[in-house]
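Fold and contact review
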Amino acid sequence: MQDKDKIIFTVNGTEIECKKGEMLLTVLLREGFDIPHLCYHESVTPYASCRLCLVEVNRGNGFRIATSCNHPVFEGMEVKLNTEGVAEERKNVFEVLIAQAPESEKLRLYAAKWGVRETTYRIQEGDCILCGLCERVCREVIGASAITFAGRGANKELTTPYKVQSSSCIGCGACAYVCPTDSIKVFDKGFIREIPKLHAKFELVPCRICGKPVTTKEHLEFLKKTKIEKATLETCDECKKKEYAFLVASQGHM
Amino acid sequence: MQRGWSMKVTTIEELNKIKERGFLNLYPQEKMRISIGTATCGKISGGDDVFNAARMYVENSGIKADVIETGCIGFCQEEPIVSVTKPNGVIIFYSKVTPEDALKIISLSIEGKVFKEKLLGKITEEDFIIAGESRRTEENKFSQDEKEAPLLSQHPFYKKQIKIVLRNCGFINPDSIEEYIARGGYFTAMKVILEGWEPERVIQEIINSGLRGRGGGGFPTGKKWKSCREAKGYPKYVICNADEGDPGAYMDRSVLEGDPHSVIEGMIIGAFAIGANHGYIYVRHEYPLAVKRFANAVAQAREMGFLGKNIFGKNFDFDIKIAKGGGAFVCGESTALMASLEGNVGEPRAKFIHTVESGVWDKPSNLNNVETWANVPVIIDRGADWFKKIGTKGSTGTKVFSLVGKVKRTGLVEVPMGITLREMIFDIGGGSSTNKKFKAIQTGGPSGGAIPVLENGKSGNGSLIDLPVDFDRLTEVGSMMGSGGMIVMDEETCMVDVARYFTNFLVDESCGKCTTCREGLRHAAGKLNAICEGKGKKEHIEILKDLAEVIAEASLCALGGTAPNPLLSTLKYFPEEYDEHINEKVCRALVCKALITYSIDENKCTACRICEKECPSGAISGGKNVIHKIDPQKCIKCNVCFDVCKYGAVIVSSGKYSRRCEHTKTNLKPIKERVS
């Protein structure tokens, strides 16, 4: 690291070094601090919607509560974690999140880990917290932009454009993978893959060895353009294991 | 359309020639000039009909007169306002003019007479704010009627106003660049560019003037320009924020409809100072007339070479594009506006990195409100010291407010900062329009709060009626300047209902990006709705306070940060109303439907059957010579019986509070007296 790119700042009084331009939460997680977060993922740009990764940052003469996921680190920055103020607001944020997505078991477990087990607010229906991770992963990582937000304010919802299956959706399931509340679910039944939340239905390609379903044709096309090993793409997990075992047995492991 | 020149204007002499031409338009020597207010406020009061009638009449009768459209002179409630400029220089204003009145006005004006019935006032001398020029008239040339007419500047609505931003609104034809130039327009921009001012000098002048952003935040404009000038990156953008969304505020619309060139000139100067070659105006799609007039103004400015390549013949390029907003309140927030401008969803982002460094397309972008831009040419022309003398130390200059609500005179008023609320509502507003006690003034729209002004004119007792209005004082008392909406409320306004209304507005208008604003406001609105419906519980107050704190502290943008203001200010200043709603299920303003009941006073009822006929839910029983009764089960509390009863018989009540309808007719005796 060149010196001019280096930034030194303090967390609860301890000095920490990082690179210029890094976001605070990225550094904190790397340094081993445990900060709750739901809408953050290292592979996409921060969105700062869940409001859980709150910290206190010096500003002017005092400290102010701010989200850390989208806060660039600056020289001389002083950060306080888990202050009384932060804890109180975080509890409230967890409570409104639980009220918003009471059907998400994953969210309840996560909140319980942070000491919030119930909510004082009126319970609604659903399991999505509109964190937008799926939308960003689909747009920034997959490049499909098959997912979108519709509506505004209290009527905002996560869906596909025009609420029909997106022609750009490849059925890869990356959205379901990153979803912090398990709101997006992928069902494989026989040779059919369904993602109900995205109104999506795909046919699955059979394994080139055993004929069991692997993944969607569109997903395979996408994977062929990546750096992933091409030869075993159309192979199911079970057959991949066998194939690797055969290779090791017949050719040795050197 | 007044076109016909193809020359680009590159010298002061050329501009002076246009000025002379425009001056003759404004103050014709041989004929009359009849101006009709056809801004949106004029149009909805029938300004177009008046305009057409006047034009037809002038055309058909061969009277020597120009009939032109103009913007709003501020007194919106009196629209359509017609002004007649006579060859002797006097301008006479008439209010609430009908097409028939317009014809009378024209024919009387020819005879040197004044149509006294609709007379508002006259203008005999004017100080053009720019260049310090003025226009005087000779009184000995006036007719008797004209001499007797009162001065418009002495009208209580105008007496305390200082017009800087609204300097041309209602005087010039907004579609005529010549008339804008006639009143000193474009001379400042030309001076700055032709004289080769250092951009830093322009910025320093704005910094010295103390001008603060008029869009609501009140950030020092000069400081913003300086940061944007110093920011790395090219191209740079200057943007005009005309996404005016506060309920009850419409000063930006009025400026764009009445004087679009003042904004363009401000932007030219700003772009020059900042070093930007690209400008945008982000204007509400719901303001079609403002868009039309601004677009026309941009086209005219291009023709004259004030926009485009090599402005004023110098090596400086700048042009303005118009972007129309899709109707989202949140797009008035700077980062959401820029996202929308880029073609993305109008959602704000955090401003840890300021937009002056990384705004539209991650380039340095300087956003100012319409009113801020319109101030710029005047400040540069008259100098910071002149501007600073107006207003208070921390908030210099003037502010345009839209004064609405329960006052006698409503409209757009431009007053020096530091004017007290008392002056606003009693001197300018003329006191209560309903003869009821004032209760509060709501400033700053949904992001602002309600300020108590208890009793009529009395100070003390928690009343803030003598509060000087400026950025800092309003924030201190828990409200904010916002874009300048000022809604006067009296005792017939329920403060819990006010908080409920604004919070529900924000629930719909929040972009929904961050949890605290979207969900927090939803829950706050739910509690407020419950309280208004008589389902409030004691613990709701604590929950509301908790929610307000988390929404204000942990939200992403200023919309969320200020969203609890209506709730917090009413909780702070009117806790007794919340108490009554929750504990006694009583609404003292008799507004919350679930808490009020309607009844008929048997000693007053004349059995006239009008309320029985008008009741939409068939809740009123009665008949000929039978005292009418309201069935509470069927009553939907629509207030129709209250409105139609002329005998003071209908009573609306809630606990110990009640109100009786007005007793205006006496031709029937109460049925009780008649029968017995």
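Residues numbered from 1 in each chain as written. Chains lettered and ligands numbered in written order. Predicted model: local features only at pLDDT ≥ 70, side-chain atom pairs only at ≥ 80, totals over all residues. Heavy atoms only, no water.

Before going further, it helps to examine the overall build of chain B. Broken down by element type, chain B carries 27 helices and 21 strands. A globule of 676 residues ought to have a C-alpha radius of gyration of about 26 Å, and chain B, at 27 Å, matches this closely. Oriented by its inertia axes, the alpha-carbon framework of chain B measures out at about 90 × 65 × 45 Å. Counting over 676 residues, chain B shows a buried share of 60%. The long-range share in chain B, meaning contacts at least 24 apart out of those at least 6 apart in sequence, stands at 70%. Accessible surface, chain B as shown: approximately 25900 Å² in total, 49% of it carbon and sulfur. Taking the 90 positively charged and 85 negatively charged side chains of chain B as two groups, their mean positions are separated by 3 Å. (Helix = DSSP H or I, 4+ residues; strand = E, 2+ residues; numbered from the N terminus. Rg over C-alpha atoms; globule rule 2.2 N^0.38 Å. Buried < 20%, exposed > 50% of the residue type's maximum accessible area, 1.4 Å probe, protein only. Contact = heavy atoms within 4.5 Å. Areas by Shrake-Rupley, 256 points an atom, 1.4 Å probe, with all protein chains shown as cover. Lys, Arg positive; Asp, Glu negative; His and termini not counted. Charge placed at Lys NZ, Arg CZ, Asp CG, Glu CD.)

Residues and elements named next belong to chain B. Put simply, helix α1 (residues 12–26) and helix α8 (residues 187–194) touch, their axes get as near as 11 Å, and they point 175° apart. Classed by the angle they form, the pair α1 and α8 counts as roughly antiparallel. Facing α1, whose interface residues are I12, L15, N16 and K19, α8 presents F187, M190 and L194. Its residues assigned to classes, the contact of α1 with α8 shows five nonpolar, one polar and one charged. (Axes fitted to C-alpha atoms, helices over the stretch in contact; angles between N-to-C directions. Parallel < 35°, antiparallel > 145°, perpendicular 65-115°, else oblique. Nonpolar A, V, L, I, M, F, W, Y, C, P; charged D, E, K, R; others polar.)

Our focus in this paragraph is the interface of chain A and chain B. In this assembly, 30 residues from chain A lie in contact with 29 residues from chain B. Counting each side, the surface lost to burial between chain A and chain B is near 2500 Å², with a carbon and sulfur contribution of 53%. Between R152(A) and E509(B) there is a salt bridge, with the nearest N and O atoms lying 3.1 Å from each other. Looking at the side of chain A that touches chain B, the elements with two or more residues in it are β4 (62–67) and α2 (84–100) of chain A. (Buried area = accessible area lost by both parts, 1.4 Å probe. Salt bridge = Lys/Arg side-chain N within 4 Å of Asp/Glu carboxyl O.)

To continue, consider the confidence of the model for chain B. When pLDDT is low, close inspection of the predicted coordinates is not appropriate. In the predicted model, chain B carries a mean pLDDT of 91, and 98% of its residues have values of at least 70. Reported confidences for the modelled complex are a pTM of 0.91 and an ipTM of 0.90. (pLDDT = per-residue confidence, 0-100.)

Turning our attention to the sheet that holds strand β3 (residues 54–59) of chain A. Residue and element names in this part refer to chain A. What the five strands build is an open sheet, ordered β2-β1-β5-β3-β4; its pairing is mixed. Since the sheet does not close on itself, it has two edges, and those belong to β2 (14–19) and β4, each with one partner. The mean angle between the axes of side-by-side strands here comes to 35°, regardless of whether they run parallel or antiparallel. Here six bridges tie strand β1 (residues 6–11) to β2, and the two strands are oriented antiparallel to one another. Residue pairing across strands places K6 opposite K19, the latter belonging to β2. (Pairing = 2+ DSSP bridges.)

Residues and elements named next belong to chain B. Cis rather than trans, the peptide bond between E79 and P80 has omega equal to -5°. Its place among the elements puts P80 in the loop between β2 (65–70) and β3 (82–85). For the bond running from Y234 to P235, omega is 0°, close enough to zero to count as cis. Note that P235 resides in the loop between α10 (221–230) and β8 (237–242). Within the chain, Y186 stands out as a residue other than glycine whose phi angle is a positive 70°. Counting through the fold element by element, Y186 comes out in the loop between α7 (177–182) and α8. For K637, which is not a glycine, the phi torsion comes out positive at approximately 55°. With respect to the element layout, K637 can be found in the loop between β19 (629–630) and α26 (640–644).

Moving on, we come to the packing of aromatic side chains. Tallying each qualifying case throughout the model produces 19 aromatic pairs over all chains. Measuring from ring centre to ring centre gives 4.0 Å for F75(B) and F157(B), while their planes differ by 5°; the resulting arrangement is stacked. A residue pair is termed long-range when its members are at least 10 positions apart, and F75(B) in the loop between β2 and β3 and F157(B) in helix α6 (residues 156–159) qualify at 82 residues. Linked through ring pairs, Y180(B), Y186(B), F306(B) and F312(B) together constitute an aromatic cluster. Above the ring of W114(A), the side-chain terminus of R90(A) is found at 5.6 Å from the ring centroid. Against the face of Y287(B) rests R253(B), its NZ or CZ located 5.8 Å from the ring centre. (Phe/Tyr/Trp six-rings, centres within 6.5 Å; stacked < 30°, edge-to-face > 60°. Lys NZ or Arg CZ within 6 Å of the ring centre and 35° of its normal.)

On to α10(B). Residue and element names in this part refer to chain B. Within α10, burial applies to T221, G222, W225 and C228. Angularly, the buried residues of α10 cover 125° about the axis, an arc narrow enough to put them on a single face. Residues of α10 that are exposed and point over 90 degrees away from its buried face: K223 and E230. The inward-facing, buried residues of α10 contact α9 (199–209), α12 (260–274), β11 (365–369) and α15 (370–382). (Arc of directions from axis to C-beta.)

Residue and element names in this part refer to chain A. Mapped onto the fold, E22 is located in the loop between β2 and α1 (24–30). Of the residues examined, E22 reaches a relative accessible area of 17% and is grouped as buried. Among the polar contacts listed, one links the side chain of E22 to the side chain of R30, at a separation of 2.7 Å. In this structure E22 touches V27, R30, H71, P72 and V73, once residues within four positions along its chain are discounted. (Polar contact = N/O pair within 3.5 Å; in protein donor to acceptor, adjacent residues only side chain to side chain.)

The subject of this paragraph is the pairing of strand β13 (residues 411–416) of chain B. All names here are of chain B. Within β13, five of the six residues are buried, leaving the element largely enclosed by the surrounding structure. As judged from the six bridges shared by strand β12 (residues 398–405) and β13, these two strands associate in the antiparallel manner. The residue bridging S402 from the neighbouring strand is L412, located in β13. Counting the residues that bridge the hairpin from β12 to β13 gives five residues.

Counting residues in each nonpolar core, the largest one holds 125 residues, and the members touching the most others are Y186(B), I264(B), I268(B), F306(B) and F318(B). When near neighbours in sequence (up to four residues on either side) are disregarded, Y186(B) contacts L15(B), I177(B), Y180(B), I181(B), H261(B), I264(B), E265(B), I268(B), A301(B), F306(B) and F312(B). Residues I98(A), C131(A), L506(B) and C514(B) belong to the second largest nonpolar core, which totals 119 residues. (Core = buried A, V, L, I, M, F, W, Y, C linked by side-chain atoms within 4.5 Å.)

With that settled, the discussion passes to the pairing of β3(A). All names here are of chain A. Of all six residues that make up β3, five are buried, and the element is covered over most of its length. Where β3 and β4 come together, six bridges link them in antiparallel fashion. Of the residues in β4, the one forming a bridge with R59 is G62. Taking the residues that link successive antiparallel strands as the turn, the β3-β4 hairpin has two residues, and the phi of G60 there is positive, at about 65°. With two bridges connecting them, β3 and strand β5 (residues 78–80) associate as antiparallel partners. When the sheet's bridge partners are listed, E56 is paired in β5 with K80.

A word on the sheet that holds strand β9 (residues 192–195) of chain A. Strand-to-strand pairing in sheets goes through backbone hydrogen bonds, with the strands running parallel or antiparallel. All names here are of chain A. Taken together, four strands build an open sheet; the order of strands is β8-β9-β10-β11 and the sheet is antiparallel. The two strands at the open ends of the sheet, each matched to only one other strand, are β8 (187–189) and β11 (213–216). Neighbour-to-neighbour, the strand axes of this sheet turn through a mean angle of 35°, independent of strand direction. Bridge count between β8 and β9: three bridges; the pairing is antiparallel. By the bridge assignment for β9, F187 is matched with E194. Contacting β10 (200–206) and β11, helix α6 (residues 217–224) runs over the sheet at an angle of about 75° to β11.

What follows covers the confidence of the model for chain A. Of all residues in chain A, 98% have pLDDT values of 70 or greater, and the mean over the chain is 92. Per-element averaging of pLDDT across chain A places helix α7 (residues 237–251) of chain A at the bottom with 85 and β9(A) at the top with 96.

Looking now at helix α4 (residues 99–110) of chain B. Residue and element names in this part refer to chain B. Compared with the 16 Å implied by 1.5 Å per residue over 12 residues, the 17 Å span of α4 between its first and last C-alpha is a close match. Residues of α4 that are buried: D101, A102, I105, I106 and S109. Here the buried residues of α4 occupy an arc of 135° about the axis, which is enough to place them on one side. The inward-facing, buried residues of α4 abut β1 (32–37), α3 (47–61), β3 and β4 (91–94). Just past α4, the residue G112 takes up positive phi, approximately 80°. (Expected span 1.5 Å × (residues − 1).)

All names here are of chain A. Taken together, the side chains of Y244, F246 and L247 define a hydrophobic patch exposed on the protein surface, amounting to about 320 Å² of accessible area. Within the secondary structure layout, Y244 lies in helix α7. Look at Y244 and you get partly exposed, because its relative accessible area is 43%. (Patch = residues over 30% accessible without salt bridge, like charges linked within 9 Å, V, L, I, M, F, W, Y side chains within 5 Å.)

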